[in-house]
Every structure is written in structure tokens, then in C-alpha cells.
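# What the coordinates show
One-letter residues, chain by chain:
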Amino acid sequence: MKAIIIAAGSATRLGKLTDKKPKGLLEINGKSIIQRQIELFKKYNINDIIIITGPHKEFGISNVTYVEDLNYENHDVLGSLMAASNFLNGEVLTCYSDILFDEEILKQILNFNGEIGIPIDLDWEKNYINRIQHPKSEADNVILNQKTILKIKKNISFCNTNEVIGEFLGPVIFSENGSKIFVEKYNKLKNTHCGNFNNAPSLKKAYLTDMIQELINNNIKINPIWINGKWCEIDTYKDFQKAKLLFN
């Protein structure tokens, strides 16, 4: 299995902390976010690591493959991931560079045996208490009916009796066939799609969640992976401080 870390963003909410370096190099108790990710991946024999870079190109991490997203200013997360489409084959785990999760969560992800799986936290709302700069309305929510994912988007605030709402953590795990399905569908859309793309104004400005929703709309099964453990997204200074308390 290989891991693709998407690190092409600008991280404007963190101000001076990320003026001169990428968010993934922020140190959490002496180790950068990406260093922590890589060490955890390698503990589980995920040794083929690809880092997608954007405005910041210098990471100083050896024994990884760098892919420069030359168009990071013109597209969003989905476009950045597809800058490394040549590596999106076989068994793959994709991850944002600003997400930390513990070993228990990684084990739960790696135990997945379907084609495309996404980790979901059902106890997510507690993470948004007093989180003013990144409020609950910005969570990447997932609405499910038992084990079926119906919708993924920000700010899902309603559900029927048999539906539940969780939060998508950010990683996606692909089997060999899952990678093939994802890339082939994206390439077809790139050649044919015009106009709005799910919750994005265009395919070019789409998030990864928009692509996941597109697969769901086309009856391609995306499986939930229920997680228990420590995790956090580092999007604001308060998140940064919280991560220091969670991860020693």
C-alpha cells in the first residue's frame, strides 16, 4: 500500500505560523504533522509515501516522492490530489496534511476490505464546542441510513428517523479496483463535465467530498469505516493548541 499526502494548501487561517512553511510542517510537541503521519504509516508497512506540494515546495523530508501541483492556485483539493494521479493506482491511502489520528484509527482504516472506504466519526459534535473560527457548519458531514452513505457535504443539519449524521475525517482508502474506478471516473468527468459539480461551482473548484458524492450519485458504493480514537484537524490556532494536548 502507498500513502498520498495532500499538502498543496495555503493555510491562511494560521497566519504567521504558516507564512513561510506549509501547514504539514507545524510542530506538535517536537514533531511535525507530516512526520507524525509518516512514522505511523511506516509502522504499518506503508513505506511508499507521496507528498503533493503547492506554494511551499521545501519539506526537508527524505525517502518520499514529491509531486508538485503546478496549478494549485486554479483548483481545489480534488485537483491537487489528481496532480498525483499517476500514483493513484493499486492499494492507496490518501490523507490531508493537516489531520492527525492515532494508531487505533489507522488500524481501523487498514482493516477495511472493500473498494473505497472513508472513516467516519459519529461522536463528532463535541469537537466543535467553542470552535469559533471553524464552526460546526464547516464540518464535512456524512448522512447515513444504517451502513449506506447517502450524502456527504458541509453543514448537513437534518435527518429522517432512520438516518444518522457523522463527520468524514479526511483519509480515503482504495483497493486496487477502487483506485481504478476513482481515476477513470475523474478522467471521464474532466473531459465531459460542465457547470456546477455537486456542492462546488465547477469540477476544477471541487473538494474531495464532491467527488465522493459524485461516485455515490452514480451508484458506486462508498463504505463507511466507523472509528474510535483520537483525531483532530488543524485549521486554526486553537486547533493547533488542542493538537498539542491530544498528541504527546
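Refer to the structure presented above.
Residues numbered from 1 in each chain as written. Predicted model: local features only at pLDDT ≥ 70, side-chain atom pairs only at ≥ 80, totals over all residues. Heavy atoms only, no water.

## What to know about the overall build of the protein chain
Put simply, the rule reads: The helix and strand labels rest on DSSP assignments: H or I over at least four residues marks a helix, E over at least two residues marks a strand, and numbering proceeds from the N terminus. What the globule rule says is 2.2 Å times the number of residues to the power 0.38, and the radius of gyration is computed from C-alpha atoms. Burial here depends on accessible area, computed with a 1.4 Å probe over protein chains only, as a share of the maximum for the residue type. Under 20% is buried, over 50% is exposed, and the range in between is partly exposed. In this analysis, two residues are considered to be in contact whenever any of their non-hydrogen atoms come within 4.5 Å of each other. To be clear on the numbers: accessible area is Shrake-Rupley with a 1.4 Å probe, and residue cover counts the displayed protein chains and nothing else. Charge convention: Lys and Arg are scored as positive, Asp and Glu as negative, and His as well as the terminal groups of each chain are ignored. Here the site of a charge means NZ on Lys, CZ on Arg, CG on Asp, or CD on Glu.
Check the secondary structure of the protein chain and you find six helices and 14 strands. On C-alpha atoms alone, the protein chain measures out to a radius of gyration of 17 Å, which is about the 18 Å that the 2.2 N^0.38 rule sets for 248 residues. Every one of the 248 residues in the protein chain was classed for burial, and the buried ones make up 51%. Restricting the contact set of the protein chain to residue pairs at least 6 apart, pairs at least 24 apart contribute 70%. For the protein chain, the exposed surface amounts to about 12,200 Å²; the carbon and sulfur share of it is 45%. Across the protein chain, the centroid of the 30 positively charged side chains sits 2 Å from that of the 29 negatively charged ones.

## With respect to the layout of surface pockets
Note the threshold: The definitions used throughout rest on a 1 Å grid laid over the protein atoms alone, on which a cavity is an enclosed set of points accommodating a 1.4 Å probe that cannot get out and a pocket is an open set flanked by protein within 12 Å on both sides along at least five of seven lines; lining residues are those having an atom within 4 Å of a point. Grid points are joined across faces, edges and corners, and a volume is the space filled by probe spheres set on the points. Under the scheme applied, nonpolar residues are Ala, Val, Leu, Ile, Met, Phe, Trp, Tyr, Cys and Pro; charged residues are Asp, Glu, Lys and Arg; polar residues are all the others, including Gly.
Approximately 980 Å³ is the volume found for the largest pocket. Lining the largest pocket are 38 residues; nearest its centre among them are K23, D76, V77, D98 and Y207. Going through the elements one at a time, β1 (2–7), α2 (77–82), β11 (163–168), α5 (208–217) and β14 (231–233) are the ones with two or more residues in the lining of the largest pocket. Among the residues forming the lining of the largest pocket, the class breakdown is 17 nonpolar, 10 polar and 11 charged. As a volume, the second largest pocket reaches approximately 320 Å³. Contributing to the lining of the second largest pocket are 14 residues, with N71, H75, G79, Y186 and K190 lying nearest its centre. Here the lining of the second largest pocket is built from residues that sort into five nonpolar, six polar and three charged.

## Quick word on unusual backbone geometry
If you check the backbone angles, N45 has positive phi at about 60° while not being a glycine. Looking at the secondary structure, you find N45 in the loop between α1 (33–43) and β4 (48–53). Despite not being glycine, N198 shows a phi value in the positive range, around 55°.

## Details of α1
All of the buried residues along α1 are I33, I34, R36, Q37, I38, L40 and F41. Among the residues trailing α1, N45 stands out with phi positive, at a value near 60°.

## Here's the deal with the environment of N199
Within the secondary structure, N199 sits in the loop between α4 (176–192) and α5. Distance from N199 to S97, taken between C-alpha atoms, is 23 Å for residues 102 residues apart in sequence. Not counting chain neighbours up to four residues away, the residues in contact with N199 comprise I152, K153 and D210.

## With respect to the nonpolar core
We apply this condition: Here, the term nonpolar core denotes a set of buried Ala, Val, Leu, Ile, Met, Phe, Trp, Tyr and Cys residues that are joined through side-chain atoms within 4.5 Å.
Ranked by internal contacts, the top residues of the largest apolar core, which has 65 residues, are F41, I51, L78, I118 and F182. Not counting the four nearest positions on each side in its chain, F41 is found in contact with A3, I5, I46, I49, L93, C95, F101 and L106. Counting 10 residues, the second-largest nonpolar core is a separate cluster that includes L26, I33, L100 and A243.

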